[in-house]
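Close look at the chain arrangement
In case you want the letters, here they are:
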Amino acid sequence: QETVRWGIPMSFGSNLTALGDTMPWVSEQLKKVSGGTVNLQVFEPGKLVPALAIFDSVSTGKVEAGYSWMGYEIGKVPVSALFGAVPFGMESPQFAAWMYFGGGDALLKEAYKPYNVYPIFCGSISPEAAGWFRKEINTPEDIKGLKFRAAGLGGKIYQKLGASVTMLPGGELFQALEKGVLDGTEFSLPTVDEQLGFFKVAKNYYMPGWHQPSTNQFLYVNTAAWAKLKPQTQAQIETTCTAGVTMAIAKAEALQGAVLAKFEKEGVKARQFNKTMLDAFSKASKEVLAEEAGKDPMFKKVLDSMNGFQKQNAQWHNLGYLPRDYPH
Amino acid sequence: MPFYEILFLALMVTFITSLFLGYPVAWLLAGVSLVFTAIAITLTTQFGVDTFLLTSWVKFSGIIDRFDAIMSNWVLVSLPMFVYMGLMLDRSGVADTMMRNFVKVFGGLRGGLGLTVIVIGILLAASTGIVGASVVLLAMLSMPIMLQHHYSKALASGIVAASGTLGILIPPSIMLVLMADQVSVSVGDLFMGALVPGLLLGVLYMAFVVIVGFVRPDILPPRPAGDEKLTARQIGIAFLSTLPTFGLILVVLGSIFFGIATPTEASGLGAFGAMLLAAANRKLNWQVIREVGIATTTTTCFIFAIFIGATVFAYVLRMIGGDELITEFFKGTGLGPTGMVMLVLAVVFVAGFFLDWFEIVLIVLPLLAPVIKHSGIEMTWFLILVALMLQTSFLTPPVGFSLFYLKGVVPKGVTIRDIYLGVIPFVLMQMAMVGLCLLFPQIILWLPGRMYGAG
Amino acid sequence: MNSKNMPADGPVAGPSGIVLPITAFSRAVDRLIGWFGEFASLLWTVLVMVIVFQVVLRYVFGLGSIMLEEVQWHLYAVGFLLGLAFTEVHERNVRIDVLAEGWSQRTRLWIELLGIVFFLLSFSLLVVWFSVPFVATSWEMGEVSAAPGGLPWRWALKSFLVTAFLLLALAGLGRLTRVWAALRAR
Ligand code: NA
Ligand code: NA
């Protein structure tokens with residue numbers, strides 16, 4: 001057993017449930033299974049390198065590895081957005097199915113090879129909420145001119161529907177929403193949204209998380225650093241990350257019910273977008289995804305693979321499970 | 001004790017000692033870190049010594065990404081904007097007129113001028129979120145007048161540094177925004193929680209000035225009385241002269257509270273408002289715009305130079321295991337929740353002697369906030385206590401950033417020694433306030449509770 | 001200013017309290033840095049206008065623009081980066097001179113010399129050395145903003161890191177010649 005000590009910058013604070021505390025868990029487990037010799041020491045966002053610079057730092061070898069949502073590097077590697085979250089895409093179990101058994105992992109490694117990055121699937125969480133709105137949203141008309149904060153592909157889709165999209169930094173969101181600088185914002189899971197306090201100032205909480213049916217995190221490892229590891233250590237890291245995926249799915253799923261109940265007590269109306277809205281979002285999503293696929297061949301390749309897998313599994317997905325609203 | 005811990009301690013000691021060489025703090029922070037990096041890399045590559053994560057120059061180059069993060073930090077845009085607003089306000093003559101009219105009215109009273117400065121400091125605090133900006137502006141407005149009225153250099157410096165520093169506590173506050181961001185709590189709660197302690201501090205300062213006016217007229221003299229009579233007309237003029245400034249505060253705070261702009265954008269609106277005031281007083285021309293721009297550059301950039309140096313320093317500290325050392329220390333104490341809060345406050349206070357709040361918020365908070373959170377302590381209360389401590393750290397020598405900002409703009413003849421001396425009573429008042437908030441958490445929690453119903 | 005005990009064209013103590021002669025090289029460097037500084041200083045006024053424009057656009061006309069948001073911090077970043085060297089040559093960087101004020105000019109000159117060489121110059125040159133590949137990678141990847149509708153050419157913004165720290169190194173070199181001249185003159 002070799003001795004390894006890496007500093008692992010994260011893009012989420014470890015206080016954010018499921019999103020940020022998976023890697024610290026993985027790191028603890030690694031220490032245990034290796035008898036204390038493999039130490040991937042996690043660092044809170046910004047402490048080592050900035051939260052959004054993890055891809056860059058791993059790619060250039062400034063750190064051996066880092067833990068991040070895949071998609072922050074959309075400006076450099078457009079396909080990253082697909083691995084992080086796809087509007088109307090796959091839910092966590094299905095995404096894991098595609099990654100491990102549908103060719104996803106191989107595509108991922110191929111896409112990141114030119115950048116000297118070896119990404120390991122290491123966490124996936126339940127759908128995000130669609131967002132907090134100051135008023136009810138019933139028709140696509142309600143989106144027109146809406147001042148909304150959204151990131152990534154979701155932002156482009158809202159723009160298509162006529163919203164005026166901004167990218168206000170996390171720290172300014174609460175006040176902007178309170179004062180009406182914004183009419184709405186999406187952020188993350190209900191448990192994470194709770195920590196930011198949005199329920200105090202916006203009372204319409206919309207679901208489902210059509211823009212992010214699953215949100216996936218990866219351990220980015222520098223290719224050279226990875227190659228230097230013994231096979232035993234490599235296996236230990238990959239296995240604990242696979243376990244991390246399970247833990248993240250379980251934890252994210254476990255905690256949301258209680259939070260929604262708390263929101264209700266605070267006077268928040270938890271709702272679901274109606275069919276008209278979802279159709280409008282879906283149509284705009286298809287357009288945005290097609291545009292992106294037209295710009296980047298790798299994006300198209302991965303999108304086709306995902307769509308193919310989803311299509312092939314569609315009948316099973318629709319028939320195999322109890323309908324979501326079937327009484328328990 | 002692993003070797004890198006010795007390196008960590010050596011780096012801290014070297015930095016603190018070298019501060020007194022009189023070389024710019026910004027380049028000392030960066031340069032000392034650089035020298036220690038060179039030492040660490042040599043030791044690990046030549047002698048196989050354990051230097052934690054700092055093992056090659058490529059690792060050190062992570063500082064570039066940290067610079068990039070400063071460059072793309074939208075919240076920090078408000079820093080040059082608030083400075084610009086202050087300088088433009090100064091050139092518009094509005095604040096000067098207000099100051100002079102106030103002095104005519106209140107200058108005859110004991111401590112009247114000092115009170116005026118504190119009140120204006122509170123008004124500025126309510127319009128800016130950045131200490132650098134409010135200290136600098138307040139100093140430029142009031143130091144010359146106070147010295148002209150024979151206030152002691154130390155006392156005048158103390159009044160300006162302390163009142164200017166209220167700007168970081170009284171909302172809007174960039175520090176509270178970043179704290180909320182780090183710990184994932186709502187900024188709204190923090191803003192509300194900080195308001196009452198901030199205003200109480202202002203009151204405390206004023207009480208102090210009144211008392212000094214009676215006890216030590218040699219360092220805080222009243223205006224020589226009897227040369228003019230105070231007329232109703234003068235009072236009216238003084239009142240009218242405050243209107244433009246109130247208008248500006250209305251632009252800045254109003255645009256935030258009525259949902260027109262974010263605090264960052266409000267800084268730009270404030271700068272524009274100051275330009276309009278200058279134009280109304282026929283003081284706005286290309287020459288003024290050019291000069292205000294240049295002064296904004298030098299004032300903003302000495303703050304950013306320190307940001308840059310501090311970010312390098314913090315990076316190297318972490319790369320040689322500083323975080324681990326701190327965590328182990330806290331784990332080793334075995335304290336209960338209240339003990340932990342006290343210890344954290346003590347650590348922040350001591351750290352404040354050497355470090356920038358920006359770095360403390362990044363180092364200490366994320367490390368300790370989870371511990372505090374799990375022990376069931378009210379986060380708003382805890383964070384505002386930390387904020388009070390951080391605000392105090394601006395005023396504690398030797399490394400008090402308010403003191404440096406002040407030193408950058410005081411009239412010739414005021415030394416850093418005067419400033420250090422003058423600030424001591426205000427630091428004591430800060431500590432008293434922290435004590436009060438520890439004993440009576442309602443000082444902090446009352447307002448957020450009223451606003452949002454829950455903590 | 002200090003005309004009483006100094007010849008009119010002789011060296012004068014700057015804000016740092018250190019008396020330095022001006023050299024031909026430092027004069028040239030300071031002029032160059034002055035141009036960049038003047039340029040940076042104009043950007044703040046532009047920034048004010050952009051913010052006002054953006055707020056009016058959103059509040060009055062209901063139009064949000066991520067591009068305008070990004071223009072804001074691009075201007076801010078260029079402004080403060082180009083201003084670093086400008087601030088250095090104006091000796092506006094903060095020094096803790098509680099003790100140093102009492103030391104001899106010669107001691108302070110030596111500290112200044114060592115400070116420039118080991119701290120300012122090595123640091124800024126190292127940053128230049130690291131920033132060049134940082135900018136190059138961004139250029140090779142064709143990096144654009146990660147935000148929907150954000151600005152392209154992120155490498156262009158990043159390249160100001162190189163410019164800024166080159167200027168800072170020049171400022172250090174310029175001051176070094178002045179310190180050296182002062183030491184030689186004694
Ligand atoms: Na403030
Ligand atoms: Na201090």
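What counts and how
Residues numbered from 1 in each chain as written. Chains lettered and ligands numbered in written order. Predicted model: local features only at pLDDT ≥ 70, side-chain atom pairs only at ≥ 80, totals over all residues. Heavy atoms only, no water. UniProt positions renumbered as here; feature names shortened; annotations may be inferred. Helix = DSSP H or I, 4+ residues; strand = E, 2+ residues; numbered from the N terminus. Rg over C-alpha atoms; globule rule 2.2 N^0.38 Å. Buried < 20%, exposed > 50% of the residue type's maximum accessible area, 1.4 Å probe, protein only. Contact = heavy atoms within 4.5 Å. Domains from an automatic or database assignment. Buried area = accessible area lost by both parts, 1.4 Å probe. Salt bridge = Lys/Arg side-chain N within 4 Å of Asp/Glu carboxyl O. Nonpolar A, V, L, I, M, F, W, Y, C, P; charged D, E, K, R; others polar. Polar contact = N/O pair within 3.5 Å; in protein donor to acceptor, adjacent residues only side chain to side chain. Pairing = 2+ DSSP bridges. Patch = residues over 30% accessible without salt bridge, like charges linked within 9 Å, V, L, I, M, F, W, Y side chains within 5 Å. Areas by Shrake-Rupley, 256 points an atom, 1.4 Å probe, with all protein chains shown as cover. Disulfide = S-S within 2.5 Å. Core = buried A, V, L, I, M, F, W, Y, C linked by side-chain atoms within 4.5 Å.

By the naming in an unreviewed UniProt entry, chain B goes by TRAP transporter large permease protein and is assigned to Simplicispira suum. Quoted verbatim from the Subcellular location (unreviewed entry) heading of the UniProt record, the comment on chain B is "Cell inner membrane". Under the UniProt heading Sequence similarities (unreviewed entry), the note attached to chain B is "Belongs to the TRAP transporter large permease family."

Along chain A, the regular secondary structure elements total 13 helices and 11 strands. Radius of gyration (C-alpha) of chain A: 20 Å, near the 20 Å computed for a compact globule of 328 residues. With respect to the principal axes defined by its C-alpha atoms, chain A has extents near 60 × 40 × 40 Å. Buried residues in chain A amount to 60% of all 328 residues. Sequence separation of at least 24 residues holds for 79% of the intrachain contacts in chain A that already meet a minimum separation of 6.

Time to look at the domain arrangement of chain B. All names here are of chain B. Here chain B is partitioned into domain 1 (1–61) and domain 2 (64–455). Computed over C-alpha atoms only, the centres of domain 1 and domain 2 are separated by 32 Å. Every contact between the two is made by 24 residues of domain 1 and, on the other side, 23 residues of domain 2. Both faces considered, domain 1 and domain 2 share a buried interface measuring about 2200 Å² in area, 81% of it formed by carbon and sulfur atoms. On inspection of domain 1 and its partner domain 2, the count reaches 0 salt bridges. Of all the secondary-structure elements, those providing two or more residues to the side of domain 1 that touches domain 2 are α1 (3–18), α2 (25–47) and α3 (57–60). The element contributing the most residues to the side of domain 1 that touches domain 2 is α1, with 8 residues. Of the residues that constitute the side of domain 1 that touches domain 2, the class distribution is 18 nonpolar, 4 polar and 2 charged.

With that out of the way, let us pick up the interface of chain C and chain A. Many analyses report the size of an interface as the accessible area lost when the parts associate. Facing the 17 residues of chain C at the interface are 21 residues of chain A. Each partner contributes to the roughly 1500 Å² buried at the junction of chain C and chain A, and carbon and sulfur atoms together form 64% of this total. The largest contributions to the chain C side of the interface with chain A come from R58, M141 and P148 of chain C, which together make up 40% of the buried area. Connecting chain C to chain A are 1 salt bridge. One salt bridge in this structure joins K76 of chain A and E143 of chain C, with 3.9 Å as the shortest N-O distance. For the pair chain C and chain A, the number of links is 1 residue pair in polar contact (both at pLDDT 80 or more). Considering only residue class, the side of chain C that touches chain A consists of 8 nonpolar, 5 polar and 4 charged.

What follows deals with the sheet that holds strand β5 (residues 131–133) of chain A. All names here are of chain A. The 6 strands are arranged β7-β6-β8-β5-β9-β11 in an open sheet whose pairing can be described as mixed. With partners counted over all chains shown, the strands left at the sheet margins are β7 (164–166) and β11 (269–272), one partner each. In terms of strand pairing, strand β6 (residues 147–149) meets β7 through 3 bridges, oriented parallel. Within β7, the residue paired with F148 across the bridge is V165.

A separate point is a nonpolar patch on the surface. Together, V35 and I39 of chain B together with L114, V117 and F118 of chain C line one region of the surface with nonpolar side chains, adding up to about 390 Å² of accessible area. Only α2 of chain B together with α3 (105–140) of chain C provide two or more residues apiece to the nonpolar patch. Here the nonpolar patch takes 3 residues from α3 of chain C, the largest share from any one element. Examined against the element boundaries, V117 of chain C turns out to sit in helix α3. A relative accessible area of 34% means that V117 of chain C is categorised as partly exposed.

So, on to unusual backbone geometry. Going from M207 of chain A to P208 of chain A, the amide bond is cis rather than trans, its omega being -5 degrees. In this structure, P208 of chain A sits in the loop between β9 (204–207) and β10 (215–222). The phi dihedral of E91 of chain C is positive, around 55 degrees, even though this residue is not glycine. Position of E91 of chain C among the secondary structure elements: in the loop between α2 (66–89) and α3. Overall, the relative accessible area of 10% leaves E91 of chain C in the buried class.

What follows covers the state of the cysteines. Residues and elements named next belong to chain A. Within this structure, the stated rule accounts for 1 disulfide over all chains. Two residues, C122 and C241, share a disulfide whose sulfurs are 2.2 Å apart. Disulfide C122 to C241: torsion about the S-S bond roughly -85 degrees, handedness left-handed. One end of the pair, C122, is in strand β4 (residues 117–125); the other, C241, is in helix α10 (residues 231–265), with 119 residues separating them in the sequence. The class of C122 is buried, set by a relative accessible area of 0%.

In this assembly, 60 residues from chain C lie in contact with 66 residues from chain B. Each partner contributes to the roughly 5700 Å² buried at the junction of chain C and chain B, and carbon and sulfur atoms together form 75% of this total. Our count for the chain C to chain B interface comes out at 2 salt bridges. Of the charged contacts, one joins R58 of chain C and E265 of chain B as a salt bridge, the two residues approaching to 2.7 Å between their closest N and O atoms. At the boundary of chain C with chain B, the tally comes to 12 residue pairs in polar contact (both at pLDDT 80 or more). Those elements giving two or more residues to the side of chain C that touches chain B turn out to be α1 (24–61), α2, α3 and α4 (154–185) of chain C. Per-class residue counts for the side of chain C that touches chain B are 36 nonpolar, 13 polar and 11 charged.

With that settled, the discussion passes to the nonpolar core. Formed by 288 residues in total, the largest nonpolar core has its most connected members in Y158 of chain A, M179 of chain B together with F80, F123 and F165 of chain C. Counting residues per element, this core draws most heavily on helix α14 (residues 286–319) of chain B, at 19 residues. For this core, the domains that each give at least three residues are domain 1 (1–61) and domain 2 (64–455) of chain B. Leaving out residues up to four positions away in the same chain, F80 of chain C has contacts with I70, M71, C301, F304 and I308 of chain B together with W44 of chain C. Within the second largest apolar cluster, 21 residues are counted, among which are I8, M10, W226 and L229 of chain A.

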